[in-house]
Amino acid sequence: MAARKTSKKPNVSKEELMDHYYQMLLIRRFEEKAGQLYGMGLIGGFCHLYIGQEAVVVGLEAATKEGDKRVTSYRDHGHMLACGMDPKGVMAELTGREGGYSKGKGGSMHMFSKEKHFYGGHGIVGAQVPIGAGLAFADKYLGNDNVSFAYYGDGAANQGQIYETYNMASLWKLPVIFVIENNQYAMGTSLQRASSSPELYTRGEGFGIPGEAVDGMDVLAVKEAGEKAVAHCRAGKGPYILEMNTYRYRGHSMSDPAKYRSRDEVTKMREERDCIEQVRDMLLTGKHATEEDLKAIDKDIKAIVNESAEFSKESPEPALSELWTDIYA
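Only a predicted model underlies this, so the values are computations on that prediction, with no experimental measurement involved.

Colleague: Would you mind going over the pattern of salt bridges with me for this structure?
Modeller: Applying the stated criterion to the full structure yields 21 salt bridges. Residues Arg28 and Asp274 are paired through a salt bridge, measuring 2.8 Å at the closest nitrogen-oxygen approach. Placement of Arg28 in helix 1 (residues 14–39) and of Asp274 in the loop between helix 9 (263–273) and helix 10 (275–285) is noted, with a sequence separation of 246 residues between them. Each member of the pair Arg28 and Asp274 is classed as buried. Between Lys313 and Glu310 there is a salt bridge; the shortest N-O distance is 3.4 Å. With a gap of three residues between them, Lys313 and Glu310 both fall in helix 11 (residues 291–314), about one helical turn apart. Ionic contacts of the salt-bridge type, sharing partners, join the residues Arg29, Glu32, Asp298 and Lys302 into one network.

Colleague: So what exactly am I meant to see when it comes to the packing of aromatic side chains here?
Modeller: The geometry of an aromatic ring pair comes down to the distance between the two centres and the angle between the two planes. One pass over the structure, following the stated rule, counts ten aromatic pairs. Measuring from ring centre to ring centre gives 6.4 Å for Phe149 and Tyr151, while their planes differ by 25°; the resulting arrangement is stacked. In this pair, the class of Phe149 matches that of Tyr151, namely buried. Seen in terms of ring centroids, Tyr166 and Phe207 are 5.8 Å apart; in terms of plane orientation they differ by 70°. Their pairing is edge-to-face. Residue Tyr166 is found in helix 6 (residues 160–171), and its partner Phe207 is found in the loop between helix 7 (191–194) and strand 6 (211–215); the two are separated by 41 residues along the sequence. Of the residues examined, Phe207 reaches a relative accessible area of 26% and is grouped as partly exposed. Chaining the aromatic ring pairs together yields one cluster made of Tyr163, Tyr166, Phe178 and Phe207.

Colleague: How do you make sense of the packing of helix 1 against helix 10 when you look at a structure like this?
Modeller: The relative placement of two packed helices comes down to the angle between their axes together with the axis-to-axis distance. Running from amino to carboxyl end, helix 1 crosses helix 10 at an angle of 150°, the nearest separation of the two axes being 10 Å. For the crossing formed where helix 1 meets helix 10, the hand is left-handed. Touching Leu17, Met18, Tyr21, Met24, Leu25 and Arg28 of helix 1 are Cys275, Ile276, Val279, Arg280, Met282 and Leu283, all from helix 10. Of the residues in the contact of helix 1 with helix 10, the class split is ten nonpolar, no polar and two charged.

Colleague: Just to check I follow, could you spell out the nonpolar core for this structure?
Modeller: Looking at soluble globular proteins, one finds that nonpolar side chains tend to be buried together. Core analysis: the largest hydrophobic core is formed by 66 residues, its most contacted members being Leu60, Ile177 and Leu242. Here this core gets ten residues from one element, more than from any other, and that element is helix 1. Apart from residues no more than four positions distant in its own chain, Ile177 is found in contact with Val147, Ser148, Phe149, Ala150, Ala229, Val230, Cys233, Tyr240 and Leu242. Core analysis: the second largest hydrophobic core is formed by 22 residues, Ala150, Leu191, Tyr201 and Ala213 among them.

Colleague: Can you help me understand the environment of Tyr50 in this one?
Modeller: Mapping Tyr50 onto the fold places it in the loop between helix 1 and helix 2 (54–61). The exposure class assigned to Tyr50 is buried, which follows from its relative accessible area of 0%. For the pair Tyr50 and Ala235, spaced 185 residues apart in sequence, the C-alpha separation works out to 32 Å. When sequence neighbours within four positions are dropped, the list of residues in contact with Tyr50 reads Ile27, Glu31, Val56, Val57, Arg75, Gly78, His79 and Glu181. In this structure the side chain of Tyr50 is engaged in a polar contact, spanning 2.6 Å, whose partner is the side chain of Glu181.

Cut-off values and rules
Residues numbered from 1 in each chain as written. Predicted model: local features only at pLDDT ≥ 70, side-chain atom pairs only at ≥ 80, totals over all residues. Heavy atoms only, no water. Salt bridge = Lys/Arg side-chain N within 4 Å of Asp/Glu carboxyl O. Helix = DSSP H or I, 4+ residues; strand = E, 2+ residues; numbered from the N terminus. Buried < 20%, exposed > 50% of the residue type's maximum accessible area, 1.4 Å probe, protein only. Phe/Tyr/Trp six-rings, centres within 6.5 Å; stacked < 30°, edge-to-face > 60°. Axes fitted to C-alpha atoms, helices over the stretch in contact; angles between N-to-C directions. Left-handed = near helix turned anticlockwise from the far one by under 90°. Contact = heavy atoms within 4.5 Å. Nonpolar A, V, L, I, M, F, W, Y, C, P; charged D, E, K, R; others polar. Core = buried A, V, L, I, M, F, W, Y, C linked by side-chain atoms within 4.5 Å. Polar contact = N/O pair within 3.5 Å; in protein donor to acceptor, adjacent residues only side chain to side chain.

Below, the structure is given as structure tokens:
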């Protein structure tokens, strides 16, 4: 079994640290604003925030190249922003407006971007994992060295289609990285109560798929593990499993009061393990940035997020005729 992996804080450039800090802070501020708009009634339906888990997708995206693909579950806004989708288009989709990535018809859980190789947002638990293997199959068939990332949570890790996908991915040596975002709670049930084998990265052993557990609150550890997994896939060695041990600060969705865990538990994680604060400390102690520099970055990001919120409010709702477009029959 692979050991739980934490970064040894490798030599990393100021530019790389600043980029990680910017990307993670953008996701957090965006999600905070999305939470506000939901509270104001401007976002309907379900809305699952990514606050606390930012290091996972930012670290993994840092290990990708153009042409790599990603597919995820309904907790997906962070993945959209990290792969370069425009915050305006994402927020407009959340509010069901014409200017959204899916013309206002996908909402929080079902938008996509062909240009950024982002294939959703999926509302059915675990349904995106076979799709991730299908994307990898297409690349193998085409003979390129692209890699697909299939993200899912610790709750989805118990779904049957995951194991069918493991089997096919291993048989056909598909270039897919199975990313388990283990935020410790599947909706309201802790991992200890829901899983007979709490080390989820070992679930591929019966299919010959290697895996490892990673500190998902450490963006440098995530990137390091991502680069190893990507190299494995690009070399034609088949799939790889990364279990990212992370934590969400908010409830499962906006309607979840999260009474299944204590406030002290959440506060302790925020104060001791926060992924953004870790990078902030590295920037300040390494004298890569001053407090003023970081305040300026936060101000710039808040302006971008506020602009996306205004865009989403001003964008019109889709016309009724849109009911008849983008359908099969």
